[in-house]
Each structure stands twice: as C-alpha cells, then as structure tokens.
Amino acid sequence: MTNPVFERIAIIGIGLIGSSIARAAVEKGAVGAVSIFDANTDALARAGELGLGETHASAAEAVTDADAVFLCVPVGAMGRAGEAAAAMKAGAVLTDVGSVKGAVVADVAALAPEGVHFVPGHPIAGTEKSGPDAGFPSLFEGRWCILTPLADKGAEYDAAAERLAEFWRRLGSTVEVMTPERHDLVLAITSHLPHLIAYNICATAHDMESVTEGEVVKFSAAGFRDFTRIAASDPTMWRDVFLNNRDAVLEALGRFEDDLTALRKAIRNGDGQTLFDLFTHSRGIRQSILDAGQDTTAPNFGRDKPKG
Ligand code: NAP
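Residues numbered from 1 in each chain as written. Predicted model: local features only at pLDDT ≥ 70, side-chain atom pairs only at ≥ 80, totals over all residues. Heavy atoms only, no water.

## A closer look at the sheet that holds strand S4 (residues 68-71)
Right, on to step 1. The six strands are arranged S3-S2-S1-S4-S5-S6 in an open sheet whose pairing can be described as parallel. Strands at the two margins of the open sheet, each flanked by one partner only, are strand S3 (54-55) and strand S6 (117-118).
Right, on to step 2. In the sheet, strand S1 (residues 6-12) pairs with strand S2 (residues 31-37) via six bridges, with the strands oriented parallel. Bridge pairing in S2 places Ala10 opposite Ser35.
Right, on to step 3. Each of S1, S2 and S4 is contacted by helix H1 (residues 16-27), which is oriented at about 165° to S1, the strand it contacts most. (Pairing = 2+ DSSP bridges. Helix = DSSP H or I, 4+ residues; strand = E, 2+ residues; numbered from the N terminus. Contact = heavy atoms within 4.5 Å. Axes fitted to C-alpha atoms, helices over the stretch in contact; angles between N-to-C directions.)

Below you can see the structure in the form of structure tokens.
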C-alpha cells in the first residue's frame, strides 16, 4: 500500500467532479480522509448517505484540518467558495477544478492567506451529468489534468504544486502545466465553442420541430443526437464558462464564423472541391484524436446508450 499524497483533503462542492475526486482519491489510496461541504443541503446530505467522506455544516469547518482543498463549484461561485481559504492551515494547498482559469485566478488568488499555496487546476474529464450520484472513481483515468501554477512563488510553492501533480497522477491523469491564458485559449476551441455549437443546433432544431412535425427526434440518430448529449450539460456551469472566458470564446467564435461563411459560399456556388477538401482534412483530425487515445471507435463512441 503506497502512502497517501495528502492525509486529509477537503472538497467544496460535491457534484460530478467533487464526488469523482472523493471516490477516486479513496480508491487509489491518495488520501487518508475526505472532508466535504456543499452549499446545497440536499447534495451534502446525499454525499453523507453515499459515504463519500465526513460532511460539515460550513466550508470553514471542512477546510480547517485539510492538507489540500479542492474548490469544485461552478466558475462563477469560485470567489465565494474560496473565502473559506481564510480558515486553512499554513502549508496547505488550495486548488480548483474550474473549466476557466484566468477568471478563477483573478477571483481566488488574493483569498489565499500567507503560507497557503493556491495552484489552479482543471481535469479534462467530465460528463453531461451533475450532482454527487453522477461521479465515479475512474473518471480521471487516462485523461489530462492541466495545472496553471502562479509564477515566481518560491521553492515551497513549487513543492506544493508538485504534490498536487502527484495527486492527479495517482488518480490516473497525465499532468500538463501551462499559463491560465494559454489554457483559456485552448479550451475555448476544444471545449467551449463545441458546447456553444451544440446548444445552438438544439435551439435551431427546436425552432424547426413545428415544421418537421416531430421528425427531428424520430430521425435524430442521423447526427443530431450526438449534439444533444453535449447540449444536455449543466446550464449553470456553462453559463459561467461563457461569462468568464468571454475574450477567448469570442476569438474562437470569430474564426468559426469566417469558416462557416466560406462553407456557405462553397455550397451556394456548387463548389464541391472546396467541400470535399475540407471534409477530407477533418477526417485527418479525427484520426489524430484516435491515435492520441482521446476517443474510441467503439459503437456509439463507446458511450452509454441514452436512457429512456
Ligand atoms: P455540479 O455537479 O453542479 O456540482 C457543483 C456543486 O457545487 C453543486 O452541488 C452546487 O450546488 C455546489 N455549490 C455551488 N456554489 C457553491 C458554494 N459557493 N459553496 C459550496 N458549494 C457550492 O458541478 P460539476 O459538473 O461537478 O462542476 C464543478 C466544477 O468543475 C465547475 O467549475 C466546472 O467548470 C468544472 N468542471 C466540470 C466538468 C464537467 O464535465 N462537468 C469537467 C471539468 C471541470 P447547487 O447545485 O445548489 O448550485
């Protein structure tokens, strides 16, 4: 049995990501104990029923004895959740899992008291589900976890960041370090823009449903269905992502609009060669994702069948 990376961690926000961390950390022996707080009393009670850790009535109480505190709340709530850092002990690591990094650094960095090391993070793993029941211990296996440590904070800080990296590796992730700005730009195109497109295509299909008389749903397996899985993601989380990564998303959206205009022109002009070349290039991108082990060729992309 290997030693735990942290004797005790505290998780603030025990939803999909927080509860997956709790489950994985215990299963992999990465922690000795887990303290939990969630502002949602139903989620907190459910975490207790599921045996995910020791539940506390306040965030301050949950973090007091923790060697590492994970803020697992929506990006727009990070500042409020981070106020509990005032009760943390010196030498402990404060981190988060938010899908945007620049805004979280701006909201949380100043809340870490002297001796508490704030190391922002983002596990690139998730599903469209929410809440403590949705988590599972293998969520982070074979996935990336991006850390965006603050610059020039000294040797103790660097050691704390390395300990956090070791924690994520223990959960099965591969850790990559980058700046918050770089993270926000890369995620704008790989995650945020695809979600925006999925939300938008669902809105368009909904508007057209009266014209197609229910046939959008009936024939959804033709392609539309895969967008609906992404568009079923948590509305609070995604509202906060777009409000807090505005500049990078607008940059990616601008480029997307230019490319869409070019596609529209090719269709209008009957320019089959342009369409064929672009679709051929896209196949290459798909193959490179498969080669990198980031998806599977299994039926339905290896994902669960939609229920109901
Ligand atoms: P979730 O399942 O909705 O869980 C978040 C929990 O935090 C909810 O129970 C929420 O309560 C609670 N909460 C909200 N404000 C709080 C506060 N101030 N103090 C304590 N608890 C609070 O969300 P999630 O999907 O795990 O996402 C959590 C974070 O992970 C987000 O920042 C998201 O960007 C990031 N992330 C998500 C994914 C993904 O695929 N879902 C992947 C990677 C990273 P209420 O429900 O009452 O608001």
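Once the structure has been displayed, the description carries forward.
## Side note on H1
A turn of α-helix holds 3.6 residues, and therefore any two residues three or four places apart point the same way.
Right, on to step 1. Look at H1: 16 Å from first C-alpha to last across twelve residues, which is about the 16 Å you get at 1.5 Å a residue.
Right, on to step 2. Taken across its twelve residues, H1 has ten buried, putting it largely inside the fold.
Right, on to step 3. Restricting attention to buried positions, one finds in H1 the residues Leu16, Ile17, Gly18, Ser19, Ser20, Ile21, Ala22, Arg23, Ala24 and Ala25.
Right, on to step 4. Contact partners of the buried residues in H1: S1, S2, S4, strand S7 (121-123) and helix H6 (155-170).
Right, on to step 5. Phi for Gly29, located one or two positions after H1, is positive at around 70°. (Expected span 1.5 Å × (residues − 1). Buried < 20%, exposed > 50% of the residue type's maximum accessible area, 1.4 Å probe, protein only.)

## Notes on the pattern of salt bridges
Right, on to step 1. Within this structure, the stated rule accounts for 14 salt bridges.
Right, on to step 2. The shortest N-O distance in the salt bridge between Arg170 and Glu166 comes to 4.0 Å. Of this pair, Arg170 and Glu166 both sit in helix H6, separated by four residues, roughly a single helical turn.
Right, on to step 3. When the shortest N-O distance is used, the salt bridge between Glu251 and Arg255 registers 2.9 Å. (Salt bridge = Lys/Arg side-chain N within 4 Å of Asp/Glu carboxyl O.)

## Here we look at the site of the ligand
Right, on to step 1. In the vicinity of the ligand lie 28 residues, with Ile17, Asp38, Val73, Ser99 and Gly131 positioned nearest.
Right, on to step 2. A distance of 3.0 Å is found between an oxygen atom of the ligand and a side-chain nitrogen or oxygen belonging to Asn40.
Right, on to step 3. Val73 places a polar main-chain atom, nitrogen or oxygen, 2.7 Å from an oxygen atom of the ligand.
Right, on to step 4. Residue assignment for the shell around the ligand shows that the elements contributing at least two residues are H1, helix H4 (78-82) and S7.
Right, on to step 5. Residues that form the shell around the ligand fall into these classes: 16 nonpolar, ten polar and two charged. (Near = heavy atom within 4 Å. Polar contact = N/O pair within 3.5 Å; in protein donor to acceptor, adjacent residues only side chain to side chain. Nonpolar A, V, L, I, M, F, W, Y, C, P; charged D, E, K, R; others polar.)

These values are about where atoms sit, not about what they do.
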